[in-house]
Each structure stands twice: as structure tokens, then as C-alpha cells.
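What follows is the residue order along each chain.
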Amino acid sequence: MYIATIRHGAVKGACALVDTERGEHMASFYDRADIYDLFEDENSYRAYGKHWETVLLGKKVKTMLDVSIGSGRVTLPVVDLGVELSGSDLSESMLKNCEKKARERKQKVTLKCSDFRDLSCWKNQTFDMVASTGNSLAYVSNEDVLKALEQMDAHVSEGGYLYFDTRNWDRILAERPRFYLYNPLFDGDNRINVIQVWDYHADNSMTFNILYTFEKDNRIFQKEKFEEHYFPISRNLLLQKLVSLGYENIEFYGFPAQYSAGDMDKVEWYTVVAKKKRTE
């Protein structure tokens, strides 16, 4: 087993600084691995494994870079499929958690601390697939998303693939729901409830107010509140950018991919995989 973690930046911990695009509360949430990965277990790990089996079927993908790998919840299962995995993320605490998970599973990963809008830490390396997982693109402005896709494209090998998964922002903005509820999680005698309250702002951005409550014997003994700031981006804008970058065979999946995307106007979350054209 070998895990290489490379810090990007001259100042130790620089990547853990708050990104103003994500909102001032971003660091507190991403430093709380105990909260962030509460819903992760072997069942979710296997589900993401099936996701990647579906996505990679018929594709020659031996190397992958996830530019928003976070704690590795979504991407680590690709290692079990024989894919050489590399990943970067803005949060050092998430990378440390990813490193820990990989070590426990005896998986080989290479991790670097970097913003996906500047992937210079990967120098001239190319990969069979470059991905952004976990609805991460919407953390930055639409203009920066397009720049991030350009950065990702620079590391996709000819004939390789660009991948991202995202909430269906078109549906969200059309329906403007206020509340998003999760099924409760049970940890021994404790019941964990999660609710999101969504605020819509005049600049077309959104704030997700996320509240966790922990109950035992019908009494709440702990509360945790976080805020996530998003910049919804339309599916058409994303697809137009992929085409302009020279991608073809654009595929849509649900998320996880083993569930059909079905009607794209109704799905809550979807996956996009596009193949990079080979130069003549």
C-alpha cells in the first residue's frame, strides 16, 4: 500500500483557508469529518462502486483525477475497479480524512491540496478521466465553473473523458423548493435528523442552511448548523462549454448512475460523462 499526499502552496495549511466563493462558514463544515461523513457506510460505498461500474462500462479508464475529491466518499471505490486514482481538493481536513480512509482500505491514492480553478499542481500530467464529484462545481460562480472545466480539460488525455455530477439546478430554480429533508439515520440508540432550508438571493446564488439534530430517548442532545453557498448553473451552459472544448458522445446518467436519469427535467441529481475528441 502506498499513499502519497503532496501539499500545494508555500504556507502550511494554506489550502484550508476559507474560500469566499463558498461562504464564510465553509471551513467549519469541511473541518467536521465526523459530521460530513455521517451517512457514509459500507452500503453507500458499495452503491458508489456500482455507480462507477456503470459509468466506466465500455470505457478504457486506467487513470483518474478527481479535482474535488473531498473525503473520497464518492471516488475511492474506483480503486477497487483497478483504476489508479489521484485527487485534489481545497480542504486539507477533507484530504486527511480521504488519506485515512484509503489507508484503512489499503488503497493507493495520490492527493494534492488545490483549488479546481487552478490545477497547475498537476503540471503536465494527463489522465484517462478527469472528474469533479459531489456537486462541487456550483460552489463557484458560473464564470469560474467554465474556467474550471478548461483546467480539467487540460489534464484529459486524447480520447479520454471529462466527468461531473451535479444537482439539477434548472429544476431547483424552476420549482424553488424551500425545504429538503433526509430520512433519519440511526447510530445505536441515537437518531440523527438532517434538514436543509434553501434561501434564494437576488444575485441568483443560493444558501443551503443545514441543520443536524441528534436525539436520544426522544430528547435532542446536540445541534449542528452549517451554511453552504452555491451558484446554480444551467445544464445548457455546461453542455455548450463541453462542446466548445471539443467533447462528443455526451452521456447522461442518474446519480448514482445505476439509477436512470429518466426525464432530465425531473431528476434531482445527474451525472455527465463526455469523451474528448482525438486530434487528427
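Residues numbered from 1 in each chain as written. Predicted model: local features only at pLDDT ≥ 70, side-chain atom pairs only at ≥ 80, totals over all residues. Heavy atoms only, no water.

## Looking at the confidence of the model for the chain
Of the residues in the chain, 88% have a pLDDT of 70 or more, and the chain-wide mean is 88. Low confidence marks residues 1–27, where pLDDT is under 50. Its contacts with residues over four positions away, or in another chain, come to 62 contacts. (pLDDT = per-residue confidence, 0-100. Contact = heavy atoms within 4.5 Å.)

## Some words on the pattern of salt bridges
Considering all chains together, one arrives at 19 salt bridges under this definition. A salt bridge links Arg 32 to Glu 224; its shortest N-O distance comes to 3.3 Å. Pair noted here: Arg 32 is in the loop between helix H1 (26–30) and helix H2 (33–36) and Glu 224 is in strand S11 (residues 219–230), with a separation of 192 residues, a long-range link. On the basis of relative accessibility, which here comes to 16%, the residue Glu 224 falls in the buried class. Within the structure, one salt-bridge network assembled from shared partners comprises Asp 115, Arg 117, Glu 143, Asp 144 and Lys 147. (Salt bridge = Lys/Arg side-chain N within 4 Å of Asp/Glu carboxyl O. Helix = DSSP H or I, 4+ residues; strand = E, 2+ residues; numbered from the N terminus. Buried < 20%, exposed > 50% of the residue type's maximum accessible area, 1.4 Å probe, protein only.)

## Focus: the environment of Phe 221
Relative to the assigned elements, Phe 221 resides in strand S11. C-alpha of Phe 221 to C-alpha of Asn 190: the two residues are 31 residues apart in sequence and 9.7 Å apart in space. Every residue in contact with Phe 221, bar those within four places of it in the chain, is listed here: Asn 190, Phe 214, Glu 215 and Lys 216.

## Considering the environment of Cys 113
The residue Cys 113 is located in strand S4 (residues 109–113) in this model. The exposure class assigned to Cys 113 is buried, which follows from its relative accessible area of 0%. In sequence terms Cys 113 and Ser 68 are 45 residues apart; their C-alpha atoms lie 9.8 Å from each other.

## Here's the deal with the packing of aromatic side chains
This structure, assessed with the given rule, holds 15 aromatic pairs. Geometrically, the ring pair formed by Tyr 180 and Trp 198 is stacked, given 5.5 Å between the ring centres and 10° between the ring planes. Of this pair, Tyr 180 sits in strand S7 (residues 179–181) while Trp 198 sits in strand S9 (residues 190–200); the two residues are 18 residues apart in sequence, bridging distant segments of the chain. The exposure class of Trp 198 is buried, given its relative accessible area of 2%. Among the aromatic residues, those joined into a cluster by ring pairs are Phe 39, Tyr 139, Trp 169, Tyr 180, Tyr 182, Trp 198, Phe 208 and Tyr 230. (Phe/Tyr/Trp six-rings, centres within 6.5 Å; stacked < 30°, edge-to-face > 60°.)

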